[in-house]
Amino acid sequence: MKIQLEDGVWLTDGQGDPPRTLVEDNAKDFLTMEEAAVALEKAREFRPFLDAEIVGSFF
């Protein structure tokens, strides 16, 4: 699973508040929905990212 913070903007590892990339292949992969949800919550400490979504396989 990956987190799309805004249209075409993905959460990644690295520097930034939170670190972001425009390249989906460089986005951080999360193994579980829980991990992704925690990461999104932390990202929202910096900005609201009202349209953020967790995308990927849930099965």
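In this report, we go over the structure that sits alongside the text. (Residues numbered from 1 in each chain as written. Predicted model: local features only at pLDDT ≥ 70, side-chain atom pairs only at ≥ 80, totals over all residues. Heavy atoms only, no water.)

What about the environment of Gly14?
Examined against the element boundaries, Gly14 turns out to sit in the loop between strand E2 (9-11) and strand E3 (20-21). By relative accessible area, which is 59% here, Gly14 ends up exposed. Once the C-alpha coordinates of Gly14 and Ala43 are considered, the two residues, 29 residues apart in sequence, prove to be 13 Å apart. (Helix = DSSP H or I, 4+ residues; strand = E, 2+ residues; numbered from the N terminus. Buried < 20%, exposed > 50% of the residue type's maximum accessible area, 1.4 Å probe, protein only.)

What to know about the side chain of Thr12
Looking at the element boundaries, Thr12 is found in the loop between E2 and E3. The exposure class assigned to Thr12 is buried, which follows from its relative accessible area of 14%. Engagement of the side chain of Thr12 in a polar contact is seen with the backbone oxygen of Asn26, the distance being 2.7 Å. Setting aside residues up to four positions removed in sequence, Thr12 forms contacts with Pro19, Arg20, Thr21, Asn26, Ala27 and Lys28. (Polar contact = N/O pair within 3.5 Å; in protein donor to acceptor, adjacent residues only side chain to side chain. Contact = heavy atoms within 4.5 Å.)

A few points about the nonpolar core
One broad trend across soluble globular proteins is that nonpolar side chains are buried collectively. Met1, Ile3, Leu5, Leu11, Phe30, Ala36, Ala39, Leu40, Ala43, Phe49, Ala52 and Ile54 together form the largest nonpolar core, which totals twelve residues. Per element, the largest residue contribution to this core is four residues, and it comes from helix H1 (residues 33-43). (Core = buried A, V, L, I, M, F, W, Y, C linked by side-chain atoms within 4.5 Å.)

Re H1
Along H1, the positions that sit buried rather than exposed are Ala36, Ala39, Leu40 and Ala43. Looking straight down H1, one finds that the buried residues subtend no more than 100° of arc, so they occupy a single side. Pointing more than 90 degrees away from the buried face of H1 are the exposed residues Glu34, Glu41 and Lys42. As for H1, its buried residues are in contact with strand E1 (2-6), E2 and strand E4 (53-55). (Arc of directions from axis to C-beta.)

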